[in-house]
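A structural walkthrough
Chain residues, written in single-letter form:
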Amino acid sequence: MLVKLVKEVNEIPAVIRDIMTARTDLEKKLSQGGDEEALRAVRDNLAHTDRELEWLRSRQTAAVATINLLSALIGAGRADDAQAVLAALGENKQEQAQKSESKPEKENKEKTKDQEELKIGTFTIKEAKPGKNESTIWAIAVTADNAEYKICAKNGTGKALMEAAGKQAKVKYRPLSGDRLFAVSVEIAG
């Protein structure tokens, strides 16, 4: 558990830097203006990016505080208490897993999506079309090494994905199952 906390504390700043870079790009797009739908899509992406940053910063603060508590306990010669804290953290993780198993499947999927780390990739969008829900867009995208993915996006991000059809796009996404990805932001490259 401690190794995981230390790893998390070391990795989160790089993820925050990547998201801040994407946020700066979104702010530039917003300042350039454009039609109202495109601006709304950028604002939606910006709001989502801000929520993601807030979550990451809170996560990092909690991990640092836990490591500091453990260090203080060990430094005070209370290694048994430090082990109890680690055990409690492990039990808490197990309780959360058990609770999520007893929740309806939809709620469990939502929680898993929020916990997954965002990734960024460049894709050639072969085609994009509306899904069953009017606010959902599905696209077929290819990476530089010819791996093909199906990308889902909603609302403003979906509109940006639709506009990227036939072009290269930088996509911030969460992996779903198999070859499916969920886009949280889409930026046409070049």
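First, a word on scope: everything that follows refers to the structure included in this document. Here the structure is a predicted model, which is why all the values come from computation and not from measurement.

**Digging into the overall build of the protein**
If you tally the helices and strands in the protein, you get five helices and five strands. Each helix and strand of the protein, ordered N terminal to C terminal, gives the series α-α-α-α-β-β-β-α-β-β. When burial is assessed residue by residue, the protein has 30% of its 190 residues classed as buried. Within the protein, counting contacts between residues at least 6 apart in sequence, those at least 24 apart form 56% of the total. For the protein, the accessible area works out to roughly 11800 Å², and carbon and sulfur atoms hold 50% of it.

**Focus: empty space enclosed by the protein**
In this structure the tally under the stated criterion is one cavity of 30 Å³ or more. In this model, the largest cavity occupies a volume close to 100 Å³. What lines the largest cavity is Ala-22, Asp-25, Leu-26, Ile-120, Lys-170, Val-171, Lys-172, Ser-185, Val-186 and Glu-187. For the lining of the largest cavity, the secondary-structure elements that each account for two or more residues are helix 1 (2–32), strand 4 (168–175) and strand 5 (180–188). Split into classes, the residues belonging to the lining of the largest cavity amount to five nonpolar, one polar and four charged.

**Things to note about the side chain of Lys-172**
Along the polypeptide, Lys-172 turns up in strand 4. Among buried Asp, Glu, Lys and Arg side chains, Lys-172 stands out as unpaired, with Glu-52 the closest opposite charge at 7.7 Å. In this structure Lys-172 touches Ile-19, Ala-22, Thr-49, Leu-118, Lys-119, Ile-120, Phe-182, Ala-183, Val-184 and Ser-185, once residues within four positions along its chain are discounted.

**A closer look at the sheet that holds strand 3 (residues 148–154)**
One closed barrel accounts for five strands, arranged 1-2-3-5-4; its pairing is mixed. Across this sheet, the average inter-strand angle for adjacent strands is 55°, counted without regard to direction. Sheet analysis places strand 1 (residues 119–130) next to strand 2 (residues 136–142), joined by six bridges and oriented antiparallel. Following the sheet pairing, Thr-124 is matched in strand 2 by Val-142. Lying on the sheet, helix 1 is in contact with strand 1, strand 4 and strand 5; it crosses strand 5 at an angle near 50°.

**What to know about the nonpolar core**
One recurring pattern in soluble globular proteins is that nonpolar side chains are buried together. One finds Phe-123, Ile-125, Ile-151, Leu-161, Val-171 and Val-186 to be the most contacted residues of the largest nonpolar core, which totals 17 residues. Secondary-structure elements contributing two or more residues to this core are strand 1, strand 2, strand 3, helix 5 (155–163), strand 4 and strand 5. Residues in contact with Ile-151, not counting those within four places in the same chain, are Phe-123, Ile-125, Ile-137, Trp-138, Ala-139, Ala-141, Leu-161, Leu-181 and Ala-183.

**Overview of the side chain of Thr-49**
Of note, Thr-49 is situated in helix 2 (residues 36–75). Apart from residues no more than four positions distant in its own chain, Thr-49 is found in contact with Ile-19, Arg-23, Leu-26 and Lys-172.

**Quick notes on helix 2**
Because each turn of an α-helix spans 3.6 residues, side chains separated by three or four positions end up pointing in the same direction. Helix length check: helix 2 (40 residues) gives 58 Å between terminal C-alpha atoms against 58 Å at 1.5 Å per residue, within 8%. Sitting at the amino-terminal end of helix 2 is Asp-35, which places a side-chain oxygen 3.1 Å from the backbone nitrogen of Glu-37. Gly-77 lies just past helix 2 and shows a positive phi near 75°.

**Things to note about the pairing of strand 2**
When you tally the buried positions in strand 2, you get five out of seven residues, the bulk of the element. The turn linking strand 1 back onto strand 2 is made up of five residues. Two strands pair when backbone bridges link them, and strand 2 and strand 3 are joined in this way by seven bridges, in the antiparallel orientation. Of the residues in strand 3, the one forming a bridge with Ala-141 is Tyr-149. Between strand 2 and the antiparallel strand that follows it, strand 3, lie five residues; Asn-146 among them carries a positive phi value of about 65°.

**Describing the pattern of salt bridges**
Summed over all chains, the structure comprises 10 salt bridges. Linking Lys-7 and Glu-11 is a salt bridge whose minimum nitrogen-to-oxygen distance equals 4.0 Å. Taken as a pair, Lys-7 and Glu-11 lie in helix 1 at a separation of four residues, close to a single helical turn. Glu-11 sits in the partly exposed class, given a relative accessible area of 39%. For Asp-81, the salt bridge identified is with Arg-78, shortest N-O distance 2.5 Å. Of the residues examined, Asp-81 reaches a relative accessible area of 27% and is grouped as partly exposed. Accessibility expressed as a relative area gives 46% for Arg-78, which makes it partly exposed.

About the criteria used
- Residues numbered from 1 in each chain as written.
- Predicted model: local features only at pLDDT ≥ 70, side-chain atom pairs only at ≥ 80, totals over all residues.
- Heavy atoms only, no water.
- Helix = DSSP H or I, 4+ residues; strand = E, 2+ residues; numbered from the N terminus.
- Buried < 20%, exposed > 50% of the residue type's maximum accessible area, 1.4 Å probe, protein only.
- Contact = heavy atoms within 4.5 Å.
- Areas by Shrake-Rupley, 256 points an atom, 1.4 Å probe, with all protein chains shown as cover.
- 1 Å grid on protein atoms, 1.4 Å probe; cavity = no way out; pocket = protein on both sides within 12 Å on 5 of 7 lines; lining within 4 Å.
- Points joined across faces, edges and corners; volume = space filled by probe spheres on them.
- Nonpolar A, V, L, I, M, F, W, Y, C, P; charged D, E, K, R; others polar.
- Lys, Arg positive; Asp, Glu negative; His and termini not counted.
- Salt bridge = Lys/Arg side-chain N within 4 Å of Asp/Glu carboxyl O.
- Pairing = 2+ DSSP bridges.
- Axes fitted to C-alpha atoms, helices over the stretch in contact; angles between N-to-C directions.
- Core = buried A, V, L, I, M, F, W, Y, C linked by side-chain atoms within 4.5 Å.
- Expected span 1.5 Å × (residues − 1).
- Polar contact = N/O pair within 3.5 Å; in protein donor to acceptor, adjacent residues only side chain to side chain.

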